[in-house]
Amino acid sequence: MASFVDHVTLHLRSGHGGNGCVSVKREKFKPLAGPDGGNGGNGGDIILVSDPQVTTLLGYHRAPHRSSDHGQPGMGDHRAGTTGGDLELPVPVGTVVKDADGNELIDLNEPGMRIVVAPGGQGGLGNAALSSTKRKAPGFALLGTPGWEGDVLLELKVVADVALVGFPSAGKSSLVAAISAAKPKIADYPFTTLHPNLGVVQAGENRYTVADVPGLIEGASEGKGLGLEFLRHVERCTALVHVLDCATLDPGRDPISDLDIILGELAAYPVPEGQLPLLDRPQVIALNKLDVPEARELAELVRPELEARGYRVFEISAVSRDGLRELSYALGDMVAAGRAVAAASPVHERIVVRPRAVNESSFEIKVEGGTYGNIYRVVGTKPERWVAQTDFTNEEAIGYLADRLAKAGVEDKLFKAGAVAGSTVVIGSIVFDWEPTLTSTAELMTSPRGTDARLDGNDRPTRNARREAYFERMDAKAAARAELIRERDSGMWNDDEGFAIDRTASEEEDASDHNA
């Protein structure tokens, strides 16, 4: 089972904000004493903290799914909902935080650094907070916004002062165990070290850390072996120690050829912009395993050539501890000199977050082509948050959203973008047909609480419609009257059974009977 992990993907979900409360205060003799709905609580954030006591990302490798607490909804009597608790995740110093696309967010290279990687949702306002002199009794409240959900990549780059590099089984782990209190795994087969080992060395007044990087082989920059997997841990080191095996039994190998191969792999490794290339950093040579007689003879043979190249050479033995004192003190001096240079170098420019300008728009309109015409997408933090806070089952809340969008200038920009009545508008997850006649007249509304008269259908006929209907009725009556006169003048009327009757004769008979 793995005991060291330096690359994990966290699946994070921060807490949602609580909904605001719709409530009306009721007292004796005052059944409607005003709105008293409280605000919802904010969701908890997820925060990464660089902790010197943490040395691996193994815990997040086993449990990568993390979430923070949700905010609680508001309550009546002006009681606000409980805020969700923040979740702090300690990570080793030297952890690089990246988003899902691989873009670097922050480098936690110092103890105590913090970053909010998953902000919690915002709690909704209750109707008490939404009331004003013009909207005295709101029949709605704002919903809480959902928390952030996504993936974050963590990549550990060990923060050490000195890095030990070399071929497998060169004695790097034995050297770390000999000069420090570290207890790395040591065995007589290649690639015993599967992860970097850290050790703290005290050399006089200098105290520094040493990292044992897993063995490099030829072609490591192309993905062979384990060297490329852990070369990123060398990026932060001040000095490099080339541990050369003087007692190797592999044919075709010797300290000079091993050094050339290692130098070639270090030169092929790209370091981040602004950092010193690996081969330009201070380097020393440690000829190891001199407790073997043949190794001492080989060390005396290759030492003049290495010194001619400009390297400082130390003959050591991790088993008998010969030469370790001189090597540790020399490394301490190199680390102290590197720290002095770093202290004298100019401080890195700090990132200053400035607030948004007053006249800077918080949204933009994007026109997208669709099958049935253009689609106008409103992109911006505020409009999308307002839509997420709206309860679309409440007409008054929809009217309040229309007021906010109009006051922010969304309608004006839609007009400028070419939108007309009936155009498809998208804000966040909401798609609707835009109706530009919707105006901000909330203070003049007389509809019941929880409703918005602006959303009702206007069925009242206009003056022209009433005039046309009146003329149609008059024309119909005139046509019916003319038909009756025409039938009367013809002298023939049909009874219910369809028989023809002489209306003139019958009228004369009625007249004679009346005279009689």
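Given the structure is predicted, the values throughout are model-derived calculations rather than measurements. (Residues numbered from 1 in each chain as written. Predicted model: local features only at pLDDT ≥ 70, side-chain atom pairs only at ≥ 80, totals over all residues. Heavy atoms only, no water.)

Asks: Honestly, the sheet that holds strand β18 (residues 430–433) in this entry has me stumped. Any pointers?
Replies: With mixed pairing, four strands are arranged side by side in an open sheet as β15-β16-β17-β18. Both edges of this open sheet fall to β15 (363–370) and β18, since each of them pairs with a single strand only. Between one strand axis and the next, the sheet turns through 25° on average, direction left out of account. Both strand β17 (residues 424–427) and β18 contribute to a ladder of four bridges, which runs antiparallel. In the sheet register, T424 faces β18, and the bridge partner there is D433. (Pairing = 2+ DSSP bridges. Helix = DSSP H or I, 4+ residues; strand = E, 2+ residues; numbered from the N terminus. Axes fitted to C-alpha atoms, helices over the stretch in contact; angles between N-to-C directions.)

Asks: I would appreciate a short explanation of the environment of P64 in the present structure.
Replies: Looking at where P64 falls in the secondary structure, it is placed in the loop between α1 (58–62) and β3 (65–67). Expressed as a C-alpha distance, the spacing of P64 and V8, which sit 56 residues apart in the sequence, is 7.7 Å. With sequence-adjacent residues up to four places away left out, P64 is seen in contact with T9, L10 and H11. (Contact = heavy atoms within 4.5 Å.)

Asks: What am I meant to see in the sheet that holds strand β4 (residues 87–91) here?
Replies: Whether parallel or antiparallel, the strands of a sheet pair through hydrogen bonds between backbone atoms. Strand order in the open sheet made by the three strands is β4-β2-β7, with mixed pairing throughout. Every other strand in the sheet has two partners, leaving β4 and β7 (114–118) as the edge strands with one partner each. When the angles between neighbouring strand axes are averaged without regard to direction, this sheet yields 30°. As defined by bridge partners, strand β2 (residues 46–50) adjoins β4 across five bridges and the pair is classed as parallel. Pairing of V49 across the sheet is with P90, part of β4.

Asks: For this particular structure, what's the right way to read the packing of aromatic side chains?
Replies: Aromatic ring pairs are reported here in terms of the distance separating the ring centres and the angle at which the planes meet. Counted according to the given criterion, the structure contains three aromatic pairs. When the centroid spacing of 5.0 Å and the interplanar angle of 70° are considered together, the rings of F415 and W434 count as edge-to-face. On the criterion of sequence distance, the pair formed by F415 in helix α10 (residues 410–417) and W434 in the loop between β18 and α11 (463–490) is long-range, its members being 19 residues apart. Given a relative accessible area of 46%, F415 falls into the partly exposed group. (Phe/Tyr/Trp six-rings, centres within 6.5 Å; stacked < 30°, edge-to-face > 60°. Buried < 20%, exposed > 50% of the residue type's maximum accessible area, 1.4 Å probe, protein only.)

Asks: Honestly, the packing of helix α8 (residues 381–388) against helix α9 (residues 395–407) in this entry has me stumped. Any pointers?
Replies: For any two helices packed against each other, the geometry is given by the interaxial angle and the distance between the axes. Interhelical geometry of α8 versus α9 gives an angle of 175° and a closest axis separation of 10 Å. Classified by the angle between their axes, α8 and α9 sit roughly antiparallel to one another. Contacts between α8 and α9 involve P383, W386 and V387 on the former and, on the latter, L401, R404 and L405. Of the residues assigned to the contact of α8 with α9, the class counts are five nonpolar, no polar and one charged. (Parallel < 35°, antiparallel > 145°, perpendicular 65-115°, else oblique. Nonpolar A, V, L, I, M, F, W, Y, C, P; charged D, E, K, R; others polar.)

Asks: Explain the confidence of the model for the chain here, please?
Replies: Predicted coordinates in regions of low pLDDT should not be interpreted in detail. In this model, the chain carries an average pLDDT of 80, and 81% of its residues clear a pLDDT of 70 or more. Element-level pLDDT for the chain is lowest in strand β20 (residues 500–502), with a mean of 45, against a maximum mean of 95 in β3. Low pLDDT (under 50) marks residues 495–516, which in the prediction has nine contacts with non-local residues, meaning those over four places away or in another chain. (pLDDT = per-residue confidence, 0-100.)

Asks: What am I meant to see in the pattern of salt bridges here?
Replies: Pairing is possible between side chains of opposite charge, provided their charged atoms come close. Within this structure, the stated rule accounts for twelve salt bridges. Among the ionic pairs, E315 bridges to R303, the shortest N-O distance being 3.4 Å. Taken together, the residues E315 in strand β14 (residues 312–315) and R303 in helix α6 (residues 293–308) connect sequence positions twelve residues apart. Judged by its relative accessible area of 28%, R303 falls in the partly exposed class. One salt bridge in this structure joins R309 and E305, with 3.8 Å as the shortest N-O distance. (Salt bridge = Lys/Arg side-chain N within 4 Å of Asp/Glu carboxyl O.)

Asks: Would you mind going over the packing of helix α5 (residues 255–268) against α6 with me for this structure?
Replies: Running from amino to carboxyl end, α5 crosses α6 at an angle of 45°, the nearest separation of the two axes being 10 Å. With respect to α6, the axis of α5 lies oblique. Contacts between α5 and α6 pair P255, I256 and L259 from the former with L298, V302, E305 and L306 from the latter. A breakdown of the residues in the contact of α5 with α6 according to their chemical character gives six nonpolar, no polar and one charged.

Asks: Which parts of the structure should I look at to understand the pairing of strand β9 (residues 162–165)?
Replies: In the case of a regular strand, side chains alternate between the two sheet surfaces. Covered by surrounding structure in β9 are V162 and L164 together with A163 and V165, the residues of both alternating faces. Bridge count between β9 and strand β12 (residues 239–245): four bridges; the pairing is parallel. Bridging across to β12, A163 finds its partner in L240.

Asks: How should I be thinking about the environment of K289 in this particular structure?
Replies: In this fold, K289 is placed in the loop between β13 (283–288) and α6. Accessibility expressed as a relative area gives 24% for K289, which makes it partly exposed. Residues K289 and D245, 44 residues apart in the sequence, show an inter-C-alpha distance of 6.6 Å. The contacts of K289, once residues within four sequence positions are left out, are S169, A170, G171, D245, A247, A295, I316 and S317.

Asks: Which parts of the structure should I look at to understand α5?
Replies: With 14 residues, α5 should reach 20 Å at 1.5 Å per residue; the first-to-last C-alpha distance of 20 Å fits that figure. Taken together, the buried positions of α5 are occupied by P255, I256, D258, L259, I262, L263, E265 and L266. Structurally, α5 contributes buried residues whose contacts are with β9, β12, β13 and α6. Capping the start of α5, D254 holds a side-chain oxygen 2.9 Å from the backbone nitrogen of I256, two or three residues further along. (Expected span 1.5 Å × (residues − 1). Polar contact = N/O pair within 3.5 Å; in protein donor to acceptor, adjacent residues only side chain to side chain.)

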